[in-house]
There are 4 protein chains.
Amino acid sequence: MNQMSIRIGIVGISGFGGGEALRLIAGHPSFELVYAAGEGSAGSKLIDHFPGLPEPLAELVIETWSPETLPAIDLLFASLPTGTSAEALARVPNHVKIVDIGGDHRYADGWAYGLADVWPELIRGQSRVANPGCFPAASQLALAPLLANNLIEPANIVIDAKTGISGAGRGGGGGFAYAASNENLVPYGLLQHVHMPEMVTTIERLSGGPATGLVFTPHLVPMTRGILVTLYCRGTTTTHACLDAARSYYAQSTFVRVTDNPPQTKWASGSNLAFVSYAADPARNLVIALGVVDNLGKGAAGQAVQNANLMCGLSETDGLQSMPIWP
Amino acid sequence: MNQMSIRIGIVGISGFGGGEALRLIAGHPSFELVYAAGEGSAGSKLIDHFPGLPEPLAELVIETWSPETLPAIDLLFASLPTGTSAEALARVPNHVKIVDIGGDHRYADGWAYGLADVWPELIRGQSRVANPGCFPAASQLALAPLLANNLIEPANIVIDAKTGISGAGRGGGGGFAYAASNENLVPYGLLQHVHMPEMVTTIERLSGGPATGLVFTPHLVPMTRGILVTLYCRGTTTTHACLDAARSYYAQSTFVRVTDNPPQTKWASGSNLAFVSYAADPARNLVIALGVVDNLGKGAAGQAVQNANLMCGLSETDGLQSMPIWP
Amino acid sequence: MNQMSIRIGIVGISGFGGGEALRLIAGHPSFELVYAAGEGSAGSKLIDHFPGLPEPLAELVIETWSPETLPAIDLLFASLPTGTSAEALARVPNHVKIVDIGGDHRYADGWAYGLADVWPELIRGQSRVANPGCFPAASQLALAPLLANNLIEPANIVIDAKTGISGAGRGGGGGFAYAASNENLVPYGLLQHVHMPEMVTTIERLSGGPATGLVFTPHLVPMTRGILVTLYCRGTTTTHACLDAARSYYAQSTFVRVTDNPPQTKWASGSNLAFVSYAADPARNLVIALGVVDNLGKGAAGQAVQNANLMCGLSETDGLQSMPIWP
Amino acid sequence: MNQMSIRIGIVGISGFGGGEALRLIAGHPSFELVYAAGEGSAGSKLIDHFPGLPEPLAELVIETWSPETLPAIDLLFASLPTGTSAEALARVPNHVKIVDIGGDHRYADGWAYGLADVWPELIRGQSRVANPGCFPAASQLALAPLLANNLIEPANIVIDAKTGISGAGRGGGGGFAYAASNENLVPYGLLQHVHMPEMVTTIERLSGGPATGLVFTPHLVPMTRGILVTLYCRGTTTTHACLDAARSYYAQSTFVRVTDNPPQTKWASGSNLAFVSYAADPARNLVIALGVVDNLGKGAAGQAVQNANLMCGLSETDGLQSMPIWP
């Protein structure tokens with residue numbers, strides 16, 4: 001064992017978010033996975049689920065999740081379905097840091113909101129950090145420079161969001177069977193998606209104004225990974241001004257890239273990168289903002305590792321420097 | 001040869017639109033294909049390109065396209081790239097009916113606009129009909145009942161459109177190579193798509209008001225067929241009122257289906273069907289309209305055959321009654 | 001109701017095979033669906049599962065399957081999981097013809113084996129017909145001309161089979177979830193596939209010799225539909241002789257096409273067609289045979305309708321003349 | 001610049017193999033890319049083609065390939081179409097090491113054959129190494145333990161190979177367009193594939209016997225990455241003996257994994273791993289061997305970096321330790 005290493009646990013190892021966290025931790029220079037828990041998979045070894053895992057990590061036995069039987073760890077990644085983690089995570093000892101990739105602690109008391117490229121100082125050194133949702137992460141990164149510079153109206157934003165099917169989670173069941181999902185594009189959750197309150201709160205924090213007019217429509221796209229959000233906003237600015245504002249806003253960010261051309265989901269695949277771009281027509285009082293992330297990267301496990309790095313006083317980019325997979 | 005049959009020609013047989021027209025004509029009770037022309041494929045037989053074609057159609061030799069050497073035909077389907085067909089089609093004899101699946105004659109003098117489920121009477125018995133574009137077809141079918149009933153403002157419509165990759169045409173080249181397109185979602189043509197004028201004109205005809213604020217953003221989705229348009233409109237109506245209006249509007253239509261649930265692209269795959277649905281929130285002055293078509297069906301060849309049926313005095317549904325492919 | 005129509009029932013309407021049977025029956029000139037039964041879907045209407053279905057078929061209510069409560073029907077398509085249908089189908093009245101798409105009656109007493117393009121006379125006018133499995137159908141169609149002409153050794157055949165994921169059935173569960181199946185190629189069932197006995201029996205009937213050396217390896221391919229079998233056989237014949245033998249063998253067949261070039265799965269998609277081709281190298285005592293079908297077409301529902309046509313004294317091609325979907 | 005770094009060049013940066021080499025080199029602890037050349041892309045920057053690339057690599061300008069104008073580099077990765085590289089690579093100065101990912105120098109005079117997991121000692125410290133082809137790499141890794149232990153007959157091997165479409169290269173053209181390749185499985189090159197001589201030579205070196213009976217049939221599978229080879233061999237051994245032989249053979253290998261269950265292509269995706277497994281039936285004189293690689297990883301760029309590590313005296317695993325992407 002590396003004397004300098006930080007001991008890591010993962011809860012929810014069988015889910016897609018937990019699996020991606022495992023992949024990133026296995027390549028992290030300072031993190032050492034010593035505990036993995038998962039429902040259903042308890043009792044099996046990691047190698048049974050991740051055939052490419054090297055020794056000795058491959059032999060780690062998956063445990064049944066219980067805060068009372070945690071081994072000595074420094075930081076826990078929790079990737080549990082929204083609604084199932086709050087009670088148990090409350091019983092984790094205080095000296096164990098937690099990054100909650102799930103949805104139970106976003107804007108909850110005692111938890112920092114882990115949008116690391118926008119508010120890194122709120123995360124650095126913290127003990128409890130809630131990862132943003134995948135749709136909110138992409139949307140907020142595209143919106144933040146516009147809202148911070150008053151280039152758009154916060155009350156009048158339409159988010160048309162498209163996600164790969166891993167975003168629906170592993171327990172998706174029949175609705176996400178290959179034959180029914182392939183060659184199919186599916187809108188869902190009109191006017192009622194669970195991510196709405198989180199986005200409203202963030203837009204209001206970024207802008208200082210009410211975001212009650214927010215519209216959000218998600219769509220399932222027949223691909224495994226990737227999120228693209230296309231946002232329609234009101235403002236009389238220019239494309240040039242939006243790009244300039246974003247380049248200034250993200251000047252210190254390693255992970256958010258501002259591009260002249262519309263970004264494509266594959267640009268981010270397998271990485272913690274986000275891409276944002278803009279097109280504005282002042283004559284029509286229109287600003288289109290585009291945001292791309294890998295829903296399992298910046299939208300989940302990549303963001304979580306970035307948050308963990310900040311919480312542990314490491315360089316923000318440790319373990320997150322791989323280029324995206326292409327093609 | 002069937003004595004009652006209508007002699008058909010197809011120009012552009014090697015493209016996806018021309019190929020789908022061939023498939024539908026091969027199953028049509030009154031149409032008989034006697035002429036096929038294609039650039040590049042001239043001199044080869046249909047069977048060389050369509051291995052499932054039965055005899056004797058399989059043996060038909062593809063010609064080089066020239067209006068001067070047309071054999072005796074009654075109706076010509078032209079599926080040529082926009083910008084390449086106007087001059088040659090002008091030289092086709094008047095007694096040969098034409099359905100232009102390409103983009104050169106939409107709202108052009110002397111040509112009827114072939115949105116058959118909305119304006120069948122403008123098409124019936126006509127000699128020159130221009131098929132709508134694939135994005136406009138899906139958008140207009142979703143909008144028509146709302147505009148006709150003044151449920152939304154025509155000046156303030158956002159169309160977020162998603163298409164399968166066959167919509168980009170067969171001559172797409174490297175940009176649509178499998179390895180680059182698979183697992184990739186690509187927005188393009190922001191603020192400048194070629195379908196804009198056609199959609200503005202149609203919205204104005206349907207509503208009587210200006211549509212200058214129209215916003216249209218297309219996206220390429222990693223699937224072969226299918227278009228979904230998600231439209232964001234302003235209006236203080238209810239979901240129920242929108243669905244009722246659409247059900248009345250399309251009461252006589254065989255091909256447009258109004259559904260309570262958001263439609264999915266696979267519902268229309270391989271057919272001439274269109275699906276529309278709505279969700280409205282009067283408190284937010286918001287109406288979301290959804291439209292689904294197969295871009296090669298109702299968005300191209302299916303619509304073209306429907307138009308041809310009307311032009312020839314046949315039943316609108318002849319040759320178009322197959323159920324969609326599922327899964 | 002059409003006075004001439006044959007009243008049809010489907011059991012297993014929610015499965016992929018049952019759904020494809022529905023699609024074909026809806027377009028059949030002499031079949032009228034009057035009964036549909038399905039586990040789980042009982043009590044709902046067909047339109048709830050097949051949004052493209054026209055009236056009045058759309059309103060048909062799905063029943064709970066029971067042979068005792070069958071309405072007056074002339075023919076029943078049974079598409080139930082292998083192992084679940086024998087007992088119940090035995091209680092269907094004798095005057096109701098049955099095509100069993102499932103696996104329980106292949107080479108069973110009292111049931112004809114429904115390989116319609118090879119043995120149509122065994123099916124014509126019969127009352128009980130068992131559809132071949134999807135892998136056996138593709139393999140046998142490729143092998144039949146070679147075995148009938150003694151061009152290969154029956155005892156020494158290797159079948160490397162590849163199927164789209166709908167071949168695994170709808171109840172596939174987590175293993176066939178989109179995110180795990182997409183971009184993945186999966187061999188399974190080595191040396192122990194359930195289709196083995198059926199293939200051995202057929203090869204022996206076709207050849208008169210033992211087929212005990214048969215090797216069969218199936219693979220799941222990330223696509224929805226389609227089967228390709230690549231067969232490696234021993235024989236000292238030539239490519240030309242194999243193609244000639246196949247063209248003679250299938251001279252009367254509408255559905256089996258013999259091609260010089262290797263067939264691709266998409267050539268058959270959505271149709272009842274099969275494609276076979278051959279490449280032989282007498283110097284190496286080698287014959288490669290290729291067979292392509294749509295696993296839901298010739299591999300299931302298409303074959304079933306063809307069998308039903310023969311059983312009812314109709315033209316073999318009724319309801320099966322649609323060209324394949326392309327692209 | 002890192003004082004210890006090895007200066008690297010890539011020729012063929014716009015191809016899929018060159019792009020994957022770039023991705024791996026960007027994450028390599030001792031390699032520094034200082035030169036990139038590509039046809040067509042010359043004059044543009046790397047960031048124009050690889051949007052996720054970090055500074056300062058992003059700004060590197062792509063050159064026109066010419067051995068005479070090479071800057072000071074220590075090692076060159078050449079990823080050029082087979083048949084186009086031999087003449088130019090002969091003019092590269094001797095002190096510049098070369099790994100040829102293309103096909104021109106496999107078993108050529110003066111070039112070591114770079115099957116690194118089988119013959120590392122032939123590669124270590126060499127100056128000219130030819131990467132194996134992607135199909136041969138997968139096939140040879142599965143065969144090597146069997147041939148080395150005389151468990152199968154070298155003269156009687158059937159290789160049924162399946163590859164993702166990136167294996168066809170980027171310049172594939174219309175035949176690999178998305179709409180034509182998606183949902184399609186395509187056998188090709190029967191009895192005449194270009195990889196045959198390479199495989200025959202390797203089998204003979206591994207076994208000492210003639211491999212003239214080799215049969216090899218490749219298939220294009222609708223996925224971006226991944227190769228699976230299913231090999232049918234003659235031998236009277238058992239599954240257990242094959243697995244044991246392979247585990248001993250690869251005991252020192254980091255990259256080749258021997259599994260009890262049939263490997264799936266996704267297990268290797270994005271990595272330099274190979275998976276092999278076996279199923280044998282002595283009663284039928286049959287051994288089935290399975291091999292999985294990522295065609296761009298172990299089948300191209302991953303293998304090339306492994307070879308470069310050996311050539312430069314580095315640890316074989318430098319820059320190659322990322323876990324596969326999943327899902």
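Per an unreviewed UniProt entry, chain A goes by N-acetyl-gamma-glutamyl-phosphate reductase and derives from Roseobacter cerasinus. According to the UniProt record, the Catalytic activity (unreviewed entry) comment for chain A is "N-acetyl-L-glutamate 5-semialdehyde + phosphate + NADP(+) = N-acetyl-L-glutamyl 5-phosphate + NADPH + H(+)".

What is the right way to read the overall build of chain A from this model?
Each helix and strand in chain A was counted, giving seven helices and 13 strands. Against the compact-globule benchmark of 20 Å for 327 residues, chain A has a radius of gyration of 19 Å, which places it among compact chains. Along the three orthogonal principal directions, the C-alpha set of chain A runs to about 60 × 45 × 35 Å. Here chain A holds 327 residues, and 65% of them are scored as buried. Taking contacts inside chain A between residues at least 6 apart in sequence as the whole, the part at least 24 apart equals 71%. Surface summary for chain A: the accessible area is close to 10800 Å², and the carbon and sulfur share equals 51%. Counting 18 positive and 26 negative side-chain charges, chain A places the centres of these two groups 3 Å from one another.

Any chance you could explain the environment of A:Leu286 here in plain terms?
If you trace the backbone, A:Leu286 turns up in strand S13 (residues 286–293). The exposure class of A:Leu286 is buried, given its relative accessible area of 1%. Not counting residues up to four positions away in its chain, the partners in contact with A:Leu286 are A:Cys233, A:Arg234, A:Gly235, A:Ala279, A:Ala280, A:Asp281, B:Leu191 and B:Val215.

Sorry if this is basic, but what is going on with the nonpolar core here?
Most often, soluble globular proteins keep nonpolar side chains buried together rather than apart. With 113 residues, the main nonpolar core has C:Leu22, C:Leu33, C:Leu46, C:Phe77, D:Leu22, D:Leu46 and D:Phe77 as its most contacted residues. Setting aside its immediate chain neighbours within four residues, C:Phe77 contacts C:Ile8, C:Gly9, C:Ile10, C:Val11, C:Ile25, C:Phe31, C:Val99, C:Ile101, C:Ala304, C:Val305 and C:Ala308. The next biggest cluster of nonpolar side chains, apart from the first, holds 112 residues, and it includes A:Phe50, A:Leu75, B:Ile10 and B:Leu290.

For this particular structure, what's the right way to read the relation of the copies chain A and chain B?
Here two copies of a chain appear, and what relates them is a rotation about an axis with a shift along it. Between the two copies, chain A and chain B, the superposition gives an RMSD of 0.0 Å; the rotation angle is 180° and the shift along the axis is 0.0 Å. Between the two chains, the operation in question is that of a two-fold axis. Both copies present the same face, since 100% of the interface residues in chain A are matched by interface residues at the equivalent positions in chain B.

Help me out: how do you make sense of the relation of the copies chain C and chain B in this one?
Placing chain C over chain B gives an RMSD of 0.0 Å and needs a rotation angle of 180°, together with 0.0 Å of translation along the axis. Comparing interface residues between copies, 100% of those in chain C also lie at the interface in chain B; the contact surface is shared.

Explain the sheet that holds strand S10 (residues 227–234) of chain B to me, please; I cannot follow it from the model alone.
Backbone hydrogen bonds hold the strands of a sheet together, and the pairing may be parallel or antiparallel. Residue and element names in this part refer to chain B. The seven strands lie next to each other as S8-S9-S7-S10-S13-S12-S11, forming an open sheet whose pairing is mixed. One side of each edge strand has no neighbouring strand; the edge strands of this open sheet are strand S8 (186–187) and strand S11 (256–258). Pairing analysis gives three bridges linking S11 to strand S12 (residues 274–281), with the strands arranged parallel. In the sheet register, Val256 faces S12, and the bridge partner there is Ala274. The strands touched by helix H7 (residues 239–249) within the sheet are S11, S12 and strand S13 (286–293), with S12 carrying the most contacts at an inclination of about 150°.

What am I meant to see in the pattern of salt bridges here?
Side chains that differ in sign of charge can pair as their charged atoms come close. Residues and elements named next belong to chain B. Inspection of every chain in the model, using the stated rule, returns 56 salt bridges over all chains. With a closest N to O distance of 2.7 Å, Lys45 and Glu59 form a salt bridge. Pair noted here: Lys45 is in the loop between strand S2 (31–37) and helix H2 (46–49) and Glu59 is in the loop between H2 and strand S3 (75–78), with a separation of 14 residues, a long-range link. Here Lys45 falls in the partly exposed class, since its relative accessible area comes to 34%.

Explain the domain arrangement of chain A to me, please; I cannot follow it from the model alone.
Often, the extent of an interface is quoted as the loss of accessible area on bringing the components together. Residues and elements named next belong to chain A. Entries for chain A in the domain assignment read domain 1 (6–132 + 299–311) and domain 2 (134–295). Taking the mean C-alpha position of each, domain 1 and domain 2 sit 25 Å from one another. Across the domain 1 to domain 2 interface the summed buried area is about 1700 Å²; carbon plus sulfur atoms make up 57%. Interface area lost by domain 1 to domain 2 is led by Phe16, Tyr107 and Asp117, which between them contribute 33%. In this structure, the connection of domain 1 to domain 2 is made through two salt bridges. Two residues, Arg225 and Glu20, come together in a salt bridge whose shortest N-O distance is 2.7 Å. Inspection of the domain 1/domain 2 interface yields 10 residue pairs in polar contact (both at pLDDT 80 or more). When residues of the side of domain 1 that touches domain 2 are traced back to their parent elements, those giving at least two are helix H1 (16–26) and helix H7 (297–311). Looking at the side of domain 1 that touches domain 2, the element that brings in the most residues is H7, giving five residues. Of the residues assigned to the side of domain 1 that touches domain 2, the class counts are eight nonpolar, six polar and four charged.

Got a minute to help me understand the packing of aromatic side chains in this structure?
One pair of aromatic rings is described through two measures. These are the centre distance and the angle between the planes. Tallying each qualifying case throughout the model produces 34 aromatic pairs over all chains. A ring pair is formed by D:Trp267 and D:Phe275, whose centres lie 5.4 Å apart and whose planes are at 75°; its orientation type is edge-to-face. By way of ring pairs, the aromatic residues A:Phe16, A:Phe50 and D:Trp326 are connected into one cluster.

Got a minute to help me understand the UniProt feature "domain: Semialdehyde dehydrogenase NAD-binding" (unreviewed entry) in chain A in this structure?
The UniProt record marks residues 7–126 of chain A with the feature "domain: Semialdehyde dehydrogenase NAD-binding" (unreviewed entry), using the residue numbering of this structure. Counting secondary structure, residues 7–126 of chain A comes out at 12% helix and 18% strand; the distance between its end C-alpha atoms is 17 Å.

What exactly am I supposed to notice about the interface of chain C and chain B here?
Every contact between the two is made by 30 residues of chain C and, on the other side, 30 residues of chain B. Seen at the junction of chain C and chain B, the total is zero salt bridges. Applying the counting criterion to the chain C and chain B interface returns 10 residue pairs in polar contact (both at pLDDT 80 or more). Ranked by residue count, the leading element in the side of chain C that touches chain B is helix H1 (residues 16–26) of chain C, at five residues.

In this structure, what is going on with the sheet that holds strand S10 (residues 227–234) of chain A? I would like to understand it.
Residues and elements named next belong to chain A. The mixed open sheet is built from seven strands, whose spatial order is S8-S9-S7-S10-S13-S12-S11. Two strands lie at the open edges of the sheet, namely strand S8 (186–187) and strand S11 (256–258), each paired on one side alone. As judged from the six bridges shared by strand S7 (residues 158–163) and strand S9 (residues 215–220), these two strands associate in the parallel manner. The partner of Lys162 across the bridge, within S9, is His219.

I keep staring at the pairing of S13(A) and nothing clicks. Help me out?
Residues and elements named next belong to chain A. Burial within S13 is extensive, with eight of its eight residues counted as buried. With burial as the criterion, each face of S13 is covered, one bearing Leu286, Ile288, Leu290 and Val292 and the other bearing Val287, Ala289, Gly291 and Val293. Bridge count between S10 and S13: eight bridges; the pairing is antiparallel. Each residue of the ladder has a partner; that of Leu231, found in S13, is Ala289. Relative to S13, strand S12 (residues 274–281) is paired through eight bridges, and the arrangement is antiparallel. Considered in S13, the bridge of Val276 is made with Gly291.

What am I meant to see in the interface of chain A and chain B here?
Contact residues are listed per partner, giving 44 residues for chain A and 44 residues for chain B. Both sides together, the interface formed by chain A and chain B hides about 3700 Å², and carbon and sulfur atoms give 62% of it. Connecting chain A to chain B are two salt bridges. Note that A:Lys162 is salt-bridged to B:Asp160, the shortest N-O span being 3.0 Å. The tally of links from chain A across to chain B stands at 30 residue pairs in polar contact (both at pLDDT 80 or more). Those elements that provide at least two residues to the side of chain A that touches chain B are S7, helix H4 (178–181), S8, S9, S10, S12 and S13 of chain A. Of the residues that constitute the side of chain A that touches chain B, the class distribution is 25 nonpolar, 11 polar and eight charged.

Would you mind going over the confidence of the model for chain A with me for this structure?
Do not read the predicted coordinates in detail wherever pLDDT is low. Put simply, chain A has an average pLDDT of 95, and 97% of its residues get 70 or more. For this predicted complex, the interface confidence score (ipTM) comes to 0.96, while the overall pTM stands at 0.97.

Can you walk me through helix H1 (residues 16–26) of chain B in this structure?
Helical geometry note: an α-helix holds 3.6 residues per turn, so side chains three or four residues apart project in the same direction. When you tally the buried positions in H1(B), you get 10 out of 11 residues, the bulk of the element. Those residues of H1(B) that fall on the buried side of the exposure criterion are B:Phe16, B:Gly17, B:Gly18, B:Gly19, B:Glu20, B:Ala21, B:Leu22, B:Arg23, B:Leu24 and B:Ile25.

Can you walk me through unusual backbone geometry in this structure?
Trans is the common state for peptide bonds, and a negative phi is the common state for residues other than glycine. Cis geometry marks the peptide bond from C:Glu55 to C:Pro56, where omega comes out at -5°. Along the chain, D:Trp326 connects to D:Pro327 via a cis peptide bond; the corresponding omega equals 0°. Position of D:Pro327 among the secondary structure elements: in the segment after helix H7 (297–311). Positive phi, normally seen in glycine, also occurs at B:Leu191, with a value near 65°. Note that B:Leu191 resides in the loop between S8 and helix H6 (196–207).

How each quantity is defined
- Residues numbered from 1 in each chain as written.
- Chains lettered and ligands numbered in written order.
- Predicted model: local features only at pLDDT ≥ 70, side-chain atom pairs only at ≥ 80, totals over all residues.
- Heavy atoms only, no water.
- UniProt positions renumbered as here; feature names shortened; annotations may be inferred.
- Helix = DSSP H or I, 4+ residues; strand = E, 2+ residues; numbered from the N terminus.
- Rg over C-alpha atoms; globule rule 2.2 N^0.38 Å.
- Buried < 20%, exposed > 50% of the residue type's maximum accessible area, 1.4 Å probe, protein only.
- Contact = heavy atoms within 4.5 Å.
- Areas by Shrake-Rupley, 256 points an atom, 1.4 Å probe, with all protein chains shown as cover.
- Lys, Arg positive; Asp, Glu negative; His and termini not counted.
- Charge placed at Lys NZ, Arg CZ, Asp CG, Glu CD.
- Core = buried A, V, L, I, M, F, W, Y, C linked by side-chain atoms within 4.5 Å.
- Least-squares fit on C-alpha atoms with pLDDT ≥ 70 in both.
- Pairing = 2+ DSSP bridges.
- Axes fitted to C-alpha atoms, helices over the stretch in contact; angles between N-to-C directions.
- Salt bridge = Lys/Arg side-chain N within 4 Å of Asp/Glu carboxyl O.
- Domains from an automatic or database assignment.
- Buried area = accessible area lost by both parts, 1.4 Å probe.
- Polar contact = N/O pair within 3.5 Å; in protein donor to acceptor, adjacent residues only side chain to side chain.
- Nonpolar A, V, L, I, M, F, W, Y, C, P; charged D, E, K, R; others polar.
- Phe/Tyr/Trp six-rings, centres within 6.5 Å; stacked < 30°, edge-to-face > 60°.
- pLDDT = per-residue confidence, 0-100.

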